[in-house]
Amino acid sequence: MNLPLPVTMLLSAGVGPGEGGYEILLNRTGINSIDIPREKVLAEPGSGLILKFLNRGAPIHITITSANAGTFTDFFHENMYIVDEAVLSIPIRKDCREGSFVLEILAGLGAVKAALPVTIVSAQHQRPRVHEEYPLQPVAHGRPHLLMIAMGIGLILYCAWLYYPDVMFLNLTAFIVLIVGVLYTWYRLR
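Heads up: these notes are all about the structure in this document. Quick caveat: nothing in here was measured; it's all calculated off a predicted structure.

### Side note on the pattern of salt bridges
According to the stated counting rule, one finds four salt bridges in the structure shown. In this structure, Arg28 and Asp35 form a salt bridge, with 2.9 Å as the shortest nitrogen-oxygen distance. Since its relative accessible area comes to 18%, Asp35 is described here as buried.

### Here's the deal with the environment of Glu23
The residue Glu23 is located in strand E2 (residues 21–26) in this model. In this structure the C-alpha to C-alpha distance between Glu23 and Leu51, which are 28 residues apart in sequence, comes to 6.0 Å.

### Thoughts on the packing of aromatic side chains
For the coordinates displayed, the defined rule picks out two aromatic pairs. Taken together, a centroid distance of 5.7 Å and an interplanar angle of 25° make the contact between Phe72 and Phe101 stacked. Taken together, the residues Phe72 in the loop between strand E6 (60–65) and strand E7 (77–82) and Phe101 in strand E9 (residues 99–107) connect sequence positions 29 residues apart. Pairing Tyr158 with Trp161 gives two aromatic rings, centres 5.5 Å apart and planes at 35°, and the pair type is tilted. Taken as a pair, Tyr158 and Trp161 lie in helix H1 (residues 146–163) at a separation of three residues, close to a single helical turn. Judged by relative accessible area, which is 38%, Tyr158 ranks as partly exposed.

### Examining the sheet that holds E9
Pairing within the open sheet is mixed, and its five strands lie in the order E4-E10-E9-E6-E7. Each having just a single partner strand, strand E4 (41–43) and E7 make up the two edges of the open sheet. Taking each pair of neighbouring strands and ignoring which way they run, the sheet shows an average axis angle of 25°. Two strands pair when backbone bridges link them, and E9 and strand E10 (residues 112–120) are joined in this way by nine bridges, in the antiparallel orientation. Looking across to E10, one finds that Ser100 is bridged to Thr119.

### Looking at the side chain of Thr65
Of note, Thr65 is situated in strand E6. In this structure Thr65 touches Phe76, His77, Val102, Leu103 and Glu104, once residues within four positions along its chain are discounted.

### Notes on the pairing of E2
Among the six residues that make up E2, five are buried, leaving the element largely enclosed by the rest of the structure. Where E2 and strand E5 (residues 48–55) come together, six bridges link them in parallel fashion. Among the inter-strand pairings, Ile24 is bridged to a residue of E5, identified as Phe53.

### Let's talk about a nonpolar patch on the surface
A surface patch of nonpolar side chains, about 850 Å² in accessible area, is lined by Leu172, Phe175, Ile176, Ile179, Val180, Leu183, Trp186 and Tyr187. Within the element layout of this structure, Val180 appears in helix H2 (residues 168–189).

### Here we look at the nonpolar core
Core analysis: the largest hydrophobic core is formed by 30 residues, its most contacted members being Leu49, Leu51, Phe53, Ile62, Ile64 and Leu103. Secondary structure elements with two or more residues in this core: E2, E4, E5, E6, E7, strand E8 (85–91), E9 and E10. With residues near it in sequence (within four places) discarded, Phe53 still touches Ile24, Leu26, Ile62, Ile64, Met80, Ile82, Asp84, Glu85, Ala86, Leu88 and Ile105.

What counts as what
- One numbering rule holds for all chains: residues counted from 1, following each sequence as written.
- Selection of residues for local features in this predicted model requires a pLDDT of at least 70, selection of side-chain atom pairs for listing and counting requires 80 or more, and totals for whole chains, interfaces and linings are taken over all residues.
- Think of the side-chain values as coming from all heavy atoms in the structure, minus any hydrogens and water.
- Counted as salt bridges are all cases of a side-chain nitrogen of Lys or Arg within 4 Å of a carboxyl oxygen of Asp or Glu.
- Any residue under 20% of the maximum accessible area for its type is buried, any over 50% is exposed, and the rest in between are partly exposed; the area is computed with a 1.4 Å probe on protein chains only.
- Secondary structure elements are defined from DSSP: runs of H or I of at least 4 residues count as helices, runs of E of at least 2 residues count as strands, and each element is numbered from the N terminus.
- To pair, rings of Phe, Tyr and Trp, with the six-membered ring standing in for Trp, must have centres within 6.5 Å; the planes then decide the type, stacked if under 30 degrees apart, edge-to-face if over 60, and tilted in the middle.
- Strands were regarded as paired on the criterion that DSSP finds at least two bridges between them.
- Helix axes are fitted to C-alpha atoms over the stretch in contact, other axes to C-alpha atoms as well, and angles between N-to-C directions run from 0 to 180 degrees.
- Any two residues whose heavy atoms approach within 4.5 Å at even a single point are treated as in contact.
- Patch definition: residues with relative accessible area over 30% and no salt bridge; like charges joined within 9 Å; nonpolar side chains (Val, Leu, Ile, Met, Phe, Trp, Tyr) joined within 5 Å.
- Surface exposure here means Shrake-Rupley accessible area, sampled with a 1.4 Å probe, where a residue is shielded only by the protein chains that are shown.
- What makes a nonpolar core is a set of buried Ala, Val, Leu, Ile, Met, Phe, Trp, Tyr and Cys residues whose side-chain atoms join them at distances within 4.5 Å.

The values are spatial; any link to function lies outside them.
Next up, the structure:
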């Protein structure tokens, strides 16, 4: 039986970055453009590196090569014609050491080239991800902030000036108190 697609290419729509794959966007910013993931591409020995190609324009022909990946994988070269989306699974050897290699992705008959660095890290050396939850509201820590105190004093002085417009000292003092509070906060945070 002759398969029309290479064995390493799996057509699947359910693989994403959260499930062990990385998305590569094609034709998103222009003709033959290749947008690689911003996060670091990691793979474990004995697993597969899953790359999901999403085409946002006209059908495109791409070539994926890995010239320096011989110690990590048997993958060397793949030609793909992508209409909408396709998934490429690159098997990583079980007995490989930690290190890195580069996948080169070519589009437009080699006119556009993107380099995707892949790092091989064993599971025992990967740090567990800690998901921090931030409170929805700020937590009070005791004393009121000096800027809030300055704003309160400035508001009281400005309201007093509105009732007594002849006393310009109140308006000037309100302005100076607000500026001092802002400058104090600005230089304290630096």
